[in-house]
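Observations on chain architecture
Take a look at the letters that make up each chain.
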Amino acid sequence: MHDSIIIGAGVAGLAAARELADAGKTNILILEAGERVGGRVRTVETPRGVPIDLGASWFHGRDDSELAQRAALANIPLVIDDVRFLRTVVQGAVVPSARATMATLLRQGFETLQQQAKAQGQPSVDATFGQALAAASAPPPMQLLADYFRGIWASARTPALSTQDFRNDPYGVGGLLPKRGMGDVVAHLAQGVKAAVGEGAIRLSTAVTAVTGLADAAGYAVQTASGDTLRARSVIFTGSVGV
């Protein structure tokens, strides 16, 4: 019986395996349905050798990312990802300092709504993106930009996003990017897992179809699409939840 079976060989699964190995749990098995490690991280190169991340590409925050710290210790080159340098194109036209402009409109609309609430004797409350942008009479390009941030930042409907939360975003200044792509970080994690647990610790092309508790409550049975039944004292699921 394995100490633990980890479902998914993305960054979360590999990091979980490293944590368990560091705690002395080395009888670990990682099951990955795909044909490669990395999950939502995938770095490819152009014909000229320029790395491009097709999935996750940056560390959220500069000072408090444990993965960024691991990357730095592994001598993986990191560069600053500063959103102030981004160029945003809306309907074919470049919008200078688009995020800063939208943030200003959100602040103005938010303050307007707070003043109205105060004048009516109501308590200060949060406002949605839709309410704040409407109160600031935001032009259509800013409404489109808000739709962009809906998908990138929050995966939520624009009218329901919290203006207060956006204004308090501690990561608005950007994070850190691996210079050669996030694939370097995945490779480092996978190499560490294999070194600590063994080359056979990661099984690719192994889809999990069911996880059930054992009758004696001593652990779990993990069934795979190929018909195998594996047992472990614990199971960690790290598959994507669509966030």
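Below, the structure is looked at part by part. (Residues numbered from 1 in each chain as written. Predicted model: local features only at pLDDT ≥ 70, side-chain atom pairs only at ≥ 80, totals over all residues. Heavy atoms only, no water.)

**Overview of the packing of helix α1 (residues 11-22) against helix α7 (residues 183-197)**
A packed helix pair is summarised by two numbers, namely the angle formed by the two axes and the spacing between the axes. Our working rule: To define axes, lines are fitted to C-alpha atoms, for helices over the stretch in contact only, and angles between the resulting N-to-C directions are given on a 0 to 180 degree scale. By definition, any uninterrupted DSSP run of H or I lasting at least four residues is a helix, any uninterrupted run of E lasting at least two residues is a strand, and each is numbered from the N terminus. In this scheme, a crossing is called left-handed if the near helix is turned counterclockwise away from the far one by less than a right angle; it is called right-handed if the turn is clockwise. Residue contacts follow a heavy-atom distance rule, with two residues in contact if any of their heavy atoms lie within 4.5 Å. Here the nonpolar group is Ala, Val, Leu, Ile, Met, Phe, Trp, Tyr, Cys and Pro; Asp, Glu, Lys and Arg are the charged ones; every other residue, Gly included, is treated as polar.
Here α1 crosses α7 at 35 degrees, and the two axes come no closer than 9 Å. Once α1 is placed against α7, the crossing between them reads as left-handed. Every residue of α7 that contacts α1 at V11, L14, A17, R18 and A21 is listed here: V186, H188, L189, A190, G192, V193, A196 and V197. Here the residues of the contact of α1 with α7 are counted per class, giving 10 nonpolar, two polar and one charged.

**Quick notes on helix α3 (residues 98-119)**
Spelled out, the test is: Each residue after the first adds 1.5 Å to the expected span of a helix. Exposure categories follow from relative accessible area, calculated using a 1.4 Å probe and restricted to protein chains: below 20% of the type maximum is buried, above 50% is exposed, and the middle band is partly exposed.
Taking 1.5 Å as the rise per residue, α3 with 22 residues should run 32 Å; its terminal C-alpha atoms sit 32 Å apart, in good agreement. Inspection of α3 places A98, R99, M102, L105, L106, G109, F110, Q114 and A117 among the buried residues, and these make up the whole buried set. One or two positions beyond α3, positive phi appears at G121, with a value near 75 degrees.

**A look at the packing of α1 against helix α2 (residues 66-73)**
Rules: Relative orientations are named as follows: roughly parallel for angles under 35 degrees, roughly antiparallel for angles over 145 degrees, roughly perpendicular for angles from 65 to 115 degrees, and oblique for any other angle.
The interhelical angle for the contact between α1 and α2, taken along N-to-C directions, is 70 degrees, at an axis separation of 13 Å. Classified by the interaxial angle, the pair formed by α1 and α2 is roughly perpendicular. Every residue of α2 that contacts α1 at V11, R18, E19 and D22 is listed here: E66, L67 and R70. Class assignment of the residues belonging to the contact of α1 with α2 gives a composition of two nonpolar, no polar and five charged.

**A word on the pattern of salt bridges**
Let me state the cut-off plainly: Throughout this description, the term salt bridge denotes a Lys or Arg side-chain nitrogen within 4 Å of a carboxyl oxygen of Asp or Glu.
This model, assessed by the stated rule, comprises five salt bridges. The residue R70 makes a salt bridge to E19 at a minimum N-O spacing of 3.3 Å. Of the two residues, R70 sits in helix α2 while E19 sits in helix α1, which places them 51 residues apart along the sequence. Look at R70 and you get buried, because its relative accessible area is 18%. A salt bridge links E45 to R180, with the nearest nitrogen and oxygen atoms 2.6 Å apart. A residue pair is termed long-range when its members are at least 10 positions apart, and E45 in strand β3 (residues 43-45) and R180 in the loop between β8 (175-178) and α7 qualify at 135 residues. The exposed category is assigned to E45, whose relative accessible area is 51%.

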